[in-house]
Amino acid sequence: MSSVRTVLGDVRPEDLGVCDAHDHLFLSSPQLPGQELSDASAARAELEAFRAAGGASVVQWTPLGMGRRAADLPLLSRAAGVHVVCATGLHQAAHYAPELLKKLRGRLADVFVSELTDGIGTSGVRAGLVKVAGGFHALDAHARWTMTAAAEAHHATGAPIAVHLEMGTGALDVLDLLCGELGVPPERVILGHLNRSPDLVVQRQAAEAGCWLAFDGPSRAHHATDWRMPVAVRALTEAGFGHRLLLGGDTVVAGARSVDGGPGMPYLLGGVRPRLALELGEELVNRVLTENPGRAFAVEWR
């Protein structure tokens, strides 16, 4: 049977409830100095605020080497009463020291598989997805390396692959590589940040390929395109792709948390949800927040 691999164990897809399908409780990067998500108390408060707004599950896309603090996630999940899914994977090279990337050469797929099946370090937490990243309108050697390893891990375990699209670009290149060259079924691929490049033609082509389309935000950096997201979601729904949509908050810096004065996770339900309901109706928005994540992240684990 298919199940979603959470930090507390595998659960049935229908048990996820209202899901933030793309977010971060912990994250650090040399590209974001001084803005780390590293406070466990704040992470718990954010989860509790999300729960109070009606949320029931969060998928953390933070990959290895970026401060994901896997050992802390079960405690937070239990305390807040929210399912949490943790990621393995690797982001763009700019987020890592060259020494770490050198150590991973030749064994990256094995690391992904181990974190999906055995657990992350000594935490006992198993990852429930692989997170990788493309570049701006292109796939460099690093992206091809990480995506090849992600595809190998998928074929070994069945795990879904979530992809950071830089500025929302390169979606079709990613699908050509993962699904075309590497044989990953499109229904196991989740494309993130599509709202950052509001190209309705590319979004439609990606949906037609059979993958998942994740729309996330809001964001100070991408506010100029965030407001177009409801129009894009409506267009995809009217074209028959409402069953392929996911929604997330993508909180990546401390100042974006609701407990630190930003919109945070609760905004997905208090701000984004009612706005989308005006475009799509309550029933469809509810399905996008509940049924779709269950199908996107549920796997017959091998």
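Not measured: the values here are computed from a predicted model. (Residues numbered from 1 in each chain as written. Predicted model: local features only at pLDDT ≥ 70, side-chain atom pairs only at ≥ 80, totals over all residues. Heavy atoms only, no water.)

**Focus: the overall build of the protein**
Now for step 1: Secondary structure summary: the protein contains 12 helices and 11 strands in total.
Now for step 2: Sorting the 302 residues of the protein into buried and exposed places 55% on the buried side.
Now for step 3: Intrachain contacts of the protein at a sequence separation of at least 6 include 76% that bridge at least 24 residues.
Now for step 4: Element-wise, carbon and sulfur atoms account for 52% of the exposed surface of the protein, whose accessible area totals about 11800 Å².
Now for step 5: Each charge class in the protein can be summarised by its mean position, and for the 27 positive and 33 negative side chains these summaries are 2 Å apart. (Helix = DSSP H or I, 4+ residues; strand = E, 2+ residues; numbered from the N terminus. Buried < 20%, exposed > 50% of the residue type's maximum accessible area, 1.4 Å probe, protein only. Contact = heavy atoms within 4.5 Å. Areas by Shrake-Rupley, 256 points an atom, 1.4 Å probe, with all protein chains shown as cover. Lys, Arg positive; Asp, Glu negative; His and termini not counted. Charge placed at Lys NZ, Arg CZ, Asp CG, Glu CD.)

**So, helix α6 (residues 171-181)**
Now for step 1: Listing the buried residues of α6 in full gives Ala171, Val174, Leu175, Leu177 and Leu178. Looking straight down α6, one finds its buried side chains confined to an arc of 165°; they lie on one side. Facing away from the buried side of α6 by over 90 degrees, the exposed positions are Gly180 and Glu181.
Now for step 2: Where α6 is buried, its residues contact α5 (141-157), β8 (161-164), β9 (189-192) and α7 (200-209).
Now for step 3: Residue Gly183 follows α6 closely and has a positive phi angle near 75°. (Arc of directions from axis to C-beta.)

**Focus: the environment of Val299**
Now for step 1: Mapped onto the secondary structure, Val299 falls in the segment after α12 (291-297).
Now for step 2: Overall, the relative accessible area of 3% leaves Val299 in the buried class.
Now for step 3: Distance from Val299 to Thr157, taken between C-alpha atoms, is 8.7 Å for residues 142 residues apart in sequence.
Now for step 4: What Val299 contacts, discounting residues up to four positions off in sequence, is Met1, Ser2, Ser3, Thr157, Gly158, Ala159, Pro160 and Arg188.

**What to know about the sheet that holds strand β11 (residues 245-248)**
Now for step 1: In space, the six strands of this open sheet follow the order β6-β7-β8-β9-β10-β11, with parallel pairing throughout. With one partner strand each, in any of the chains shown, β6 (87-89) and β11 form the two edges of the open sheet. Shown here is a sheet whose adjacent strand axes are inclined to one another by a mean of 30°, direction ignored.
Now for step 2: Bridge analysis of β6 against strand β7 (residues 129-133) gives three bridges, and the strand direction is parallel. Looking across to β7, one finds that Thr88 is bridged to Val130. (Pairing = 2+ DSSP bridges. Axes fitted to C-alpha atoms, helices over the stretch in contact; angles between N-to-C directions.)

**Topic: the sheet that holds strand β5 (residues 83-85)**
Now for step 1: Spatial ordering of the open sheet is given by β3-β4-β5, a layout of three strands whose pairing is parallel. The open sheet terminates on both sides in strands that have one partner only, identified here as β3 (19-23) and β5. Within the sheet, the average angular offset between the axes of one strand and its neighbour, ignoring direction, is 15°.
Now for step 2: As paired elements, strand β4 (residues 57-60) and β5 share three bridges and run parallel to each other. Bridge pairing in β5 places Val59 opposite Val85.

**Concerning unusual backbone geometry**
Now for step 1: Look at the link from Gly217 to Pro218: it is a cis peptide, with omega at 10°.
Now for step 2: Along the polypeptide, Pro218 turns up in the loop between β10 (212-216) and α8 (223-226).
Now for step 3: With a phi angle near 50°, Arg69 is a residue other than glycine that sits in the positive phi range.
Now for step 4: With respect to the helices, strands and loops of the structure, Arg69 is situated in the loop between β4 and α2 (73-80).
Now for step 5: Look at Arg69 and you get partly exposed, because its relative accessible area is 33%.
Now for step 6: Positive phi outside glycine occurs at Met167, with the angle close to 55°.

**Some details on the environment of Arg126**
Now for step 1: Position of Arg126 relative to the elements: it lies in the loop between α4 (108-117) and β7.
Now for step 2: Sequence-wise, Arg126 and Thr88 are 38 residues apart; in three dimensions their C-alpha atoms are separated by 8.7 Å.
Now for step 3: In contact with Arg126, other than residues within four places in its own chain, are Arg5, Thr6, Asp10, Glu115, Leu116, Thr117, Asp118 and Gly119.

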